[in-house]
Amino acid sequence: MTIKDSVVLITGANRGIGKAYVEEFLKAGAKKIYLGVRNPDSVADVVAENPNTLIPLKLDITNAADIKNAAKEAGDVDILINNAGILFFDDLANKDAVDNARKTMEVNFIGPLAMTQAFAPILKNNGGGILIIVSSIVGHVSMPAITTYCASKHAVQSLILNARAQLAAQGTRVIGVYPGPIDTDMAKDLEMDKFPPAQVATETIKAIENGKEDVFTDAFSKVTYAAFRKNPKAVEAQMREAA
Ligand SMILES: NC(=O)c1ccc[n+]([C@@H]2O[C@H](COP(=O)([O-])OP(=O)(O)OC[C@H]3O[C@@H](n4cnc5c(N)ncnc54)[C@H](OP(=O)(O)O)[C@@H]3O)[C@@H](O)[C@H]2O)c1
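In this text, all values refer to a predicted model and were calculated from it rather than measured experimentally.

A. Looking closely at the pairing of strand β2 (residues 32–37). Counted residue by residue, β2 has five buried out of six residues, so it is predominantly covered. Bridge analysis of strand β1 (residues 7–11) against β2 gives five bridges, and the strand direction is parallel. Bridge pairing in β2 places T11 opposite G36. Handedness of the β1-helix α1 (residues 16–27)-β2 crossover: right-handed. As defined by bridge partners, β2 adjoins strand β3 (residues 54–58) across five bridges and the pair is classed as parallel. What sits directly across from L35, in β3, is P56. Chirality of the crossover, the property in question, places the unit of β2, helix α2 (residues 44–49) and β3 among those that are right-handed.

As structure tokens, this is what we get:
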């Protein structure tokens, strides 16, 4: 499948990695891009620059009515990118960890699950299409400083595998995207070298074109995943020391 002439829906499209997806899919020639955002005013300027291609869509992925409406408005989608997400810095000693876990699971796992349920029939009607879920390298390994976020991304990994198994028969490709630290608002308090958000988008586009299912978008995620595959206990020890 090529990007040219595709119809894409991106959640969390107003900033960070979502905004980069919008820019890179535009460059790659997408026919139409729905910008799923909680506040359509946040994308008014970018939509005004490309009014024939960019369509704002009010979409809080924790709101069932918004999801139902998105499925009604965007019945021509053939690439869905579940990108929106949140992160709290917390460890087990944090008194807010339980509340954080509920909020994080709601956005990072239940949101993409509900979007996948709503759009699976649409992708099927449009020839199968592609479902993309933005996870994280911490969908495979765990970092103690972001306990509840890691748990949500491990749940997302299960969603990716189950969606891939269950949607194969209708011809839907499911791509898991696993970034390392990316230079966005989410990672602003993370003291690590960070990679540009555009790299996540361009690596995803390459994977669409090359038929890849698992996208490790940067040097950190590639090296960490390779180390994990080789010796999971060594990576566990590394993360413990870094905490
Ligand atoms: N940055 C990293 O280092 C990194 C690394 C690995 C994976 N990721 C993943 O990449 C994805 C994007 O992250 P980012 O770094 O771009 O984060 P970000 O800059 O904080 O942006 C988060 C986006 O998600 C949206 N969002 C949050 N809650 C939402 C909800 N309930 N409904 C709809 N949209 C919602 C936000 O919208 P508002 O503007 O309305 O808040 C915003 O557009 C996430 O899934 C994240 O877990 C990020």
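B. Spatial organisation of the environment of K31. Positionally, K31 belongs in the loop between α1 and β2. Taking C-alpha positions, K31 is 6.5 Å from K4, a pair spaced 27 residues apart along the chain. For K31, the contacting residues outside a window of four places in its chain are D5, S6, V7 and T53.

C. Spatial organisation of the site of the ligand. With respect to spatial proximity, 28 residues lie near the ligand, and among them N14, R15, R38, Y149 and T184 are the closest. Between the ligand and I61, the relevant distance is 3.0 Å, taken from a nitrogen atom to a main-chain nitrogen or oxygen of the residue. With respect to the ligand, the backbone of N83 contributes an N or O atom lying 2.7 Å from an oxygen atom. In the complex, the protein chains occlude 93% of the 910 Å² of accessible area that the ligand would expose alone. Elements with a contribution of two residues or more to the shell around the ligand: α1 and α5 (147–167). Of the residues assigned to the shell around the ligand, the class counts are 13 nonpolar, 10 polar and five charged.

D. Region of interest: the packing of helix α7 (residues 219–230) against helix α8 (residues 232–242). Interaxial distance between α7 and α8 falls to 5 Å at its minimum, and their mutual angle equals 125°. In terms of axis orientation, α7 runs oblique to α8. Of the residues in α8, those in contact with T224, A227, F228, R229 and K230 of α7 are P232, V235 and M239. In terms of residue class, the contact of α7 with α8 is made up of five nonpolar, one polar and two charged.

E. Spotlight on the packing of aromatic side chains. Applying the stated rule across the entire model yields four aromatic pairs. Note on F216 and Y225: the rings are 4.2 Å apart at their centroids and 20° apart in plane angle, and the pair reads as stacked. With relative accessibility at 12%, the residue F216 sits in the buried group. Between Y225 and F228, the aromatic rings sit 6.4 Å apart at their centres with planes inclined by 35°, giving tilted as the arrangement. Pair noted here: Y225 and F228 are both in helix α7, with a separation of three residues, about one helical turn. Note on F228: relative accessible area 24%, which makes it partly exposed.

Thresholds applied
- One numbering rule holds for all chains: residues counted from 1, following each sequence as written.
- Totals for whole chains, interfaces and linings use every residue, but because this is a predicted model, local features are given only for residues with pLDDT of at least 70 and side-chain atom pairs only at 80 or more, for both listing and counting.
- The side-chain figures draw on all heavy atoms in the structure; neither hydrogens nor water molecules are used.
- Per-residue accessibility, obtained with a 1.4 Å probe over protein chains only, is compared with the maximum for each type, and a residue is labelled buried under 20%, exposed over 50%, and partly exposed between these values.
- Per the convention used, a helix needs a DSSP run of H or I reaching at least four residues, while a strand needs a run of E reaching at least two, with both numbered from the N terminus.
- For two strands to be treated as a pair, DSSP must find no fewer than two bridges joining them.
- Look down the strands so they point away from you; if the path from the first strand over the helix to the second goes clockwise, the crossover is right-handed.
- It only takes one pair of heavy atoms within 4.5 Å for two residues to be counted as in contact.
- Here a residue is near a molecule or strand as soon as one of its heavy atoms is found within 4 Å of it.
- Counting of polar contacts relies on pairs of N or O atoms within 3.5 Å, with two restrictions inside protein: one atom must be capable of donating a hydrogen and the other of accepting it, and residues adjacent in sequence are counted only when both atoms are side-chain atoms.
- The accessible surface values rely on the Shrake-Rupley method and a 1.4 Å probe; as for residues, cover is taken only from the protein chains in view.
- Amino acid classes used here: Ala, Val, Leu, Ile, Met, Phe, Trp, Tyr, Cys and Pro are nonpolar; Asp, Glu, Lys and Arg are charged; the rest, including Gly, are polar.
- Each axis is a line fitted through C-alpha atoms, taken for helices only over the stretch in contact, and angles between the N-to-C directions span 0 to 180 degrees.
- Here the angle decides the label: under 35 degrees means roughly parallel, over 145 means roughly antiparallel, 65 to 115 means roughly perpendicular, and every other value means oblique.
- Aromatic contacts are taken between Phe, Tyr and Trp rings whose centres are within 6.5 Å, Trp giving its six-membered ring; a plane angle under 30 degrees counts as stacked, one over 60 as edge-to-face, and the others as tilted.

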